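Read off the chains here:
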2 protein chains.
Amino acid sequence: MSRNQTVYNFNPGPATLPKEVMVQAQEEFTDYRGLGYGIVEASHRGEAFKDVLARTEQNVRELLEVPEEYAVLFLQGGASLQFAMVPMNLMMPGRPAVYADTGAWTAKAIKEAKLFGDVEIVFSGKEAGYACIGDPQSWEVRSDASYLYICSNNTIRGTQYHFFPDGGGVPLVADMSSDIMSRPLDIARFGLIFAGAQKNLGPAGVTLVVLRKDLLARTPEGLTAMLRYGTHVEKDSCFNTPPVFAIYMLGLVTDWLKGQGGLAAVERINTVKSQTLYEMIDSTTFYQGTAEAGDRSKMNITFRLPNPELEALFVKEAAENGLIGLKGHRSVGGIRASCYNAMPLAGISCLVDFMTEFEARHG
Amino acid sequence: MSRNQTVYNFNPGPATLPKEVMVQAQEEFTDYRGLGYGIVEASHRGEAFKDVLARTEQNVRELLEVPEEYAVLFLQGGASLQFAMVPMNLMMPGRPAVYADTGAWTAKAIKEAKLFGDVEIVFSGKEAGYACIGDPQSWEVRSDASYLYICSNNTIRGTQYHFFPDGGGVPLVADMSSDIMSRPLDIARFGLIFAGAQKNLGPAGVTLVVLRKDLLARTPEGLTAMLRYGTHVEKDSCFNTPPVFAIYMLGLVTDWLKGQGGLAAVERINTVKSQTLYEMIDSTTFYQGTAEAGDRSKMNITFRLPNPELEALFVKEAAENGLIGLKGHRSVGGIRASCYNAMPLAGISCLVDFMTEFEARHG
């Protein structure tokens, strides 16, 4: 790879950020808008950061059309801490939590939830190698469940919910770490959503949580302050020092998403990007998609080559051509092209060209 | 304040970072050492970040002379999450934890610890308005205590331990968020230390933890994965996606500390800085220090003016002169000059000049 070659970063997260965002953050890194110091050095109690936080929350509310009765939080600890915070805050005595197991991330969430109460599995894709989501709209969820939990996009096998289940009166909780803000969302269908920022929203180190405030009443007495959603709602995400720079970057990314025309426009672009890649995959037997066609993800496009040796060569040669991060998750192998919001169409075109050329040489 | 005036940021955290670090981070922000993308966009499983993480851990080990039997962790959630993680992991059944209450941060830690077991207070500075530390070397700690907990520097009233207690066989746990790496430390005296990075080490969003590995055996079964120190020791701080950019910045700051000559050299500079300010304060009755002389902090220099109106004017006029963040904590008022490692001596000189001039006009 030559030093000045354009690099397209297909890593699954932390991932590529919009070029305009990176340039702006660089420009104002040491002097934030004339303050004489960087936002990374700014007090979380000062006007500059308070303004960043307020505008970032407003961006989230606008883009996701968050209803008034929902809180928007910026926390730390990633989705992995949410795997515990969700049951710690939302599980009610004698009322099981219902989980759909669609991949490694739900399996981890289930493991944590079991530490706090009974868990029932409404769907498991495990025997099918997590290649499918099933038929979420047909799931019957017991009416006394504490909540119904899903992961909206599964990065490892490249599946995604295209229809969400209806829990009836049971709050729907979703880990949206890998497809948040990739499409419009009807927040009113959910009790709580969360997303680690490092795929679609910004840098690693901040977790977006949107939750319906009436659910706060469930949190049991005696839960430690940092793990209570209510603590952070009450203090507007500033109970303790928040990750200032990560929130600032999330603010810039959401500015950029608004500039793209909002989530409906972003979804159209994501559809074109993923269709372009899936059409390439489906045009040949050399590349084989790993997810069931109806459940394919627009974020993580996963496929195999005829053998692991060719896959390793593909990853290596792609990197030499500036297409990096294409190695599949270590648990499944193969190839994974993560195409989050910030991956430009030009990156997809380069990848398709490379795939065509690679097949011509090795097919 | 004119736009091109030098600004000295005396905020208590997030705080000023070394100028050289800020410039380097800016230079390589969009293209990390020829990779073609920024470290903020780099996969935590990739070589670039793995190298950052390894070098940063090595810097911490060198600067603090961390013995082999200690683990070095980079976590999320700040000191506030440590207030819970410490008792969750280290409290043993029937063996109380012993706390020294020297300020608002220990009070918060005590409140959290009480959720998990019995707490005994070995010293309380509360009645004295937290203006002193007491005589830590005279404290008698019951030999069956789970641990002895202190906060080495108290940002609000500006006190600092200049001598550490000896717990005998009882592990000493210290919140060092506001004076970590401001002076050499004999880690072997401690069972566990932790520090939110945003004062002396880097940006908000990463927490340094150094702990003696034999203490891991205490963690009870059933504790959720993210809150177990053992999880992070086992996975070298990469159990889940770590805060990549914050760790990278901590790496640059520790490079800079090494460049300063290590912690003994850094302490000498901090001594000069704080002595300069305390001498100014003690040279007049116009300024009154708030901490007892023997317990004064080298990090947070706190003082009062004759009345709150003059204090407000001082803060306002100082800011107009490029000296920002001098307002005391909202719970106590007054003035606080936070002079962490990255505050240059030039900033102290400017502050002293301003104090002299302000007194001449208003004294």
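Residues numbered from 1 in each chain as written. Chains lettered and ligands numbered in written order. Predicted model: local features only at pLDDT ≥ 70, side-chain atom pairs only at ≥ 80, totals over all residues. Heavy atoms only, no water.

Looking now at the overall build of chain A. Looking only at helices and strands, one finds 9 helices and 14 strands in chain A. Taking 21 Å as the expected radius of gyration for a compact globule of 363 residues, we find that chain A reaches 21 Å, a close match to that expectation. When its C-alpha atoms are laid out on the principal axes, chain A stretches across 65 × 55 × 30 Å. The buried share of chain A, taken over its 363 residues, is 62%. Residue pairs in contact within chain A that sit at least 24 positions apart in sequence constitute 67% of those at least 6 positions apart. Carbon and sulfur atoms make up 50% of the accessible area of chain A, which totals about 13400 Å². (Helix = DSSP H or I, 4+ residues; strand = E, 2+ residues; numbered from the N terminus. Rg over C-alpha atoms; globule rule 2.2 N^0.38 Å. Buried < 20%, exposed > 50% of the residue type's maximum accessible area, 1.4 Å probe, protein only. Contact = heavy atoms within 4.5 Å. Areas by Shrake-Rupley, 256 points an atom, 1.4 Å probe, with all protein chains shown as cover.)

A separate point is the relation of the copies chain A and chain B. The two chain copies are connected by a rotation around an axis plus a translation along it. Least-squares fitting of chain A to chain B yields an RMSD of 0.0 Å, with the superposition described by an axial translation of 0.0 Å and a rotation of 180°. What we have between these two chains is a two-fold relation. By residue overlap, the copies meet face to face through one surface: 98% of the interface positions of chain A are interface positions in chain B. (Least-squares fit on C-alpha atoms with pLDDT ≥ 70 in both.)

In this section: a positive patch on the surface. On the surface, a cluster of positive charge is made up of Arg45 and Lys235 of chain A together with Lys108, Lys111 and Arg330 of chain B. Here Lys111 of chain B shows up in helix 4 (residues 104–113). Given the relative accessible area of 60%, Lys111 of chain B is considered exposed. (Patch = residues over 30% accessible without salt bridge, like charges linked within 9 Å, V, L, I, M, F, W, Y side chains within 5 Å. Salt bridge = Lys/Arg side-chain N within 4 Å of Asp/Glu carboxyl O. Lys, Arg positive; Asp, Glu negative; His and termini not counted. Charge placed at Lys NZ, Arg CZ, Asp CG, Glu CD.)

Further remarks concern the environment of Ala312 of chain A. Relative to the elements of secondary structure, Ala312 of chain A occurs in helix 8 (residues 308–320). Residues Ala312 of chain A and Ala97 of chain A, 215 residues apart in the sequence, show an inter-C-alpha distance of 41 Å.

As a further point, take the packing of helix 3 (residues 78–90) of chain A against helix 4 (residues 104–113) of chain A. Residue and element names in this part refer to chain A. It is the contact of helix 3 with helix 4, at a shortest axis distance of 8 Å, that shows an interaxial angle of 45°. Between helix 3 and helix 4, the angle is such that the two are oblique. Considering how the two elements wind past one another, helix 3 and helix 4 form a crossing that is right-handed. Of the residues in helix 4, those in contact with Phe83, Ala84 and Pro87 of helix 3 are Trp105, Lys108, Ala109, Glu112 and Ala113. Taken together, the residues of the contact of helix 3 with helix 4 sort by class into 6 nonpolar, no polar and 2 charged. (Axes fitted to C-alpha atoms, helices over the stretch in contact; angles between N-to-C directions. Parallel < 35°, antiparallel > 145°, perpendicular 65-115°, else oblique. Left-handed = near helix turned anticlockwise from the far one by under 90°. Nonpolar A, V, L, I, M, F, W, Y, C, P; charged D, E, K, R; others polar.)

This paragraph deals with helix 8 of chain A. Residues and elements named next belong to chain A. Over its 13 residues, helix 8 extends 18 Å from the first C-alpha to the last, a length consistent with the 18 Å expected when each residue adds 1.5 Å. Considered for burial, the residues of helix 8 that qualify are Leu310, Glu311, Phe314, Glu317 and Ala318. Angular distribution of buried residues about the axis of helix 8 spans 135°; they occupy a single face of the element. Pointing more than 90 degrees away from the buried face of helix 8 are the exposed residues Pro308 and Glu309. Taken together, the buried residues of helix 8 touch strand 12 (300–304), strand 13 (323–324), strand 14 (335–338) and helix 9 (345–362). Where helix 8 begins, one side-chain oxygen reaches toward the backbone nitrogen of Glu309, 3.1 Å away; that side chain belongs to Asn307. Looking one or two residues past helix 8, Gly322 carries a phi angle of roughly 85°, positive in sign. (Expected span 1.5 Å × (residues − 1). Arc of directions from axis to C-beta. Polar contact = N/O pair within 3.5 Å; in protein donor to acceptor, adjacent residues only side chain to side chain.)

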